[in-house]
Every structure is written in C-alpha cells, then in structure tokens.
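# Coordinate analysis (summary)
The chain contents come next:
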Amino acid sequence: MKKKINLAAIAILAAGVIVGCSRAEQPQAVQPNLAPVRTNQQNPESLPTPSTLITARGESVQQLLSTRKCQGCNLQGADLDKIDLNGVDLSNAILIDADLDETNLSNANLSGADLTDADLGKANLTGANLSRANFTKADLEDANLSNANVTDTTFTGADLERVIGLRH
C-alpha cells in the first residue's frame, strides 16, 4: 500500500513540474538588439520596461563598440559623444535623443536610421551614408557632412547652423 501511495505522490509531483503548476511564470527577456515595434495601438502592458530598455541599449552599445556593427539596434538616448565610430554600420538603428556630440561617424552607414532629436553638434559625418535617415529636430550645428550621401534624408526642423558640406 505504501509503495502505491509513494508512486502516486511522485506522479503527481512530476506532473506539476512538467505542466508548470508548481512554478510562477518567469518574464521573458527582451531581445537585446531588437527595438520594440512602435504603433499607435500598442498595448501598454506589452511595452518593455525602462530597465529592460536600458539593459538592451547597454548591450547594443557593447555590440557596436566590439563589432563596429549594430544594424537596427535600439540606441535611443545612448551617450556616444566624442567616440570614434569611423566606418560603423548603424543602418536602420534607432538613435532618437542620442548624444553624438563631436563623434567621428566618417564613412559610417546610417542609412534608414532614426536620429530624431539627436545631438550631432560638431560630429564628423564625412563620407557617411545618410540616405533615408531621419534627422528631424536634430542638432547638427557645426557638423561636417562633406561627401555624405543625403539622398531622401529628412532634416525637418534640424539645426543646420554652420554645417559643412550640405547642399541646401
């Protein structure tokens, strides 16, 4: 009789572990280099928390600095001022409110990147691919855009005071 009860108890415990009844559901980690999809009808409960965005941004910065590539990364609000990012690939990256003041982005690929409200004062963008990038309300004061590809680039409301090499 004891043997039957013990086997039944083991079976019940095993079923609870397999089905997941004995554990609280664990939150899923945010993919470090994928930006959340931004839509007007997005459920607020599905948005990443500020702490997961900070962690993801930190991992994206580490990836950028170590591999020189971070296509589509979410670097919103990242502090990248005065860093040598010559030749990096930041195509389709989200750099909204990023601090890129005095950053060397010469020969960088920023095609399709969103740099809305970014600070690029005195940044070196010589020879950079800026096609389809969005610089809405960005600060580009004293930036160097000599030989940069600005095909279909948006500069609406951007501060372009003393920009070098941009044909208006």
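Turning our attention to the overall build of the chain. On a plain count of helices and strands, the chain comes out with two helices and zero strands. Here the chain, with 168 residues, has 32% of them falling under the buried criterion. Here the analysis covers contacts within the chain between residues at least 6 apart in sequence; of these, 7% occur between residues at least 24 apart. Surface accessibility of the chain: about 10,300 Å² in total, with carbon and sulfur atoms responsible for 52%.

Positionally, Leu85 belongs in the segment after helix H2 (50-67). Separated by 21 residues in sequence, Leu85 and Ser106 have C-alpha atoms that sit 7.4 Å apart. When neighbours within four sequence positions are excluded, Leu85 is seen to be in contact with Leu64, Leu65, Arg68, Leu80, Thr103, Asn104, Leu105, Ser106 and Ala108.

Looking now at the confidence of the model for the chain. Confidence in the prediction for the chain averages 78 pLDDT; 65% of positions are at 70 or higher. With pLDDT under 50 throughout, residues 1-54 is counted as low confidence; its partners more than four residues away or in other chains account for 27 contacts.

Counted according to the given criterion, the structure contains one disulfide. Note that Cys70 is cross-linked by a disulfide to Cys73, the S-S spacing being 1.7 Å. Here the S-S torsion is close to -90°, and the disulfide linking Cys70 with Cys73 is therefore left-handed. Residue Cys70 shares its accessibility class with Cys73, and that shared class is buried.

Ranked by size, the top nonpolar core spans 36 residues in total, and within it Leu95 and Leu120 carry the most contacts. Among all residues touching Leu120, those that are not within four sequence positions of it are Leu100, Leu105, Leu115, Leu125, Phe135, Ala138, Asp139, Leu140, Glu141 and Ala143.

What follows is about the pattern of salt bridges. All told, the structure shown has three salt bridges when counted by the stated rule. With a shortest N-O distance of 2.5 Å, Glu141 and Arg162 are connected by a salt bridge. Residue Glu141 is located in the segment after H2, and its partner Arg162 is located in the segment after H2; the two are separated by 21 residues in the primary sequence. With relative accessibility at 21%, the residue Glu141 sits in the partly exposed group. Accessibility expressed as a relative area gives 47% for Arg162, which makes it partly exposed. What emerges from the salt-bridge pattern is a single network uniting Glu141, Asp142, Glu161 and Arg162.

In this fold, Ser131 is placed in the segment after H2. A relative accessible area of 9% means that Ser131 is categorised as buried. Excluding residues within four positions of it along the chain, Ser131 makes contact with Leu110, Ser111, Gly112, Asn149, Thr151 and Thr153.

Rules used in this analysis
Along each chain, residues carry numbers from 1 onward, in the same order as the chain's sequence is written. pLDDT decides what is reported in this predicted model: residues at 70 or higher carry local features, side-chain atom pairs at 80 or more are listed and counted, and totals for whole chains, interfaces and linings draw on all residues regardless. Where side-chain values are given, they derive from all heavy atoms of the structure, hydrogens and water being excluded. Going along the chain from the N terminus, every DSSP run of H or I of four or more residues is numbered as a helix, and every run of E of two or more is numbered as a strand. Each residue is placed in one exposure class: buried if its accessible area under a 1.4 Å probe, protein chains only, is under 20% of its type's maximum, exposed if it is over 50%, and partly exposed if it falls in between. Should any heavy atoms of two residues lie within 4.5 Å, those residues are counted as being in contact. In this description, accessible areas are obtained by the Shrake-Rupley approach with a 1.4 Å probe, and a residue is regarded as covered only by the protein chains that are shown. How sure the predictor is of each residue is captured by pLDDT, a score from 0 to 100. Note on terminology: disulfide denotes any pair of cysteine sulfur atoms within 2.5 Å. Each nonpolar core is a collection of buried residues, namely Ala, Val, Leu, Ile, Met, Phe, Trp, Tyr and Cys, held together in the definition by side-chain atoms within 4.5 Å. For this analysis, a salt bridge means a side-chain nitrogen from Lys or Arg found within 4 Å of a carboxyl oxygen belonging to Asp or Glu.

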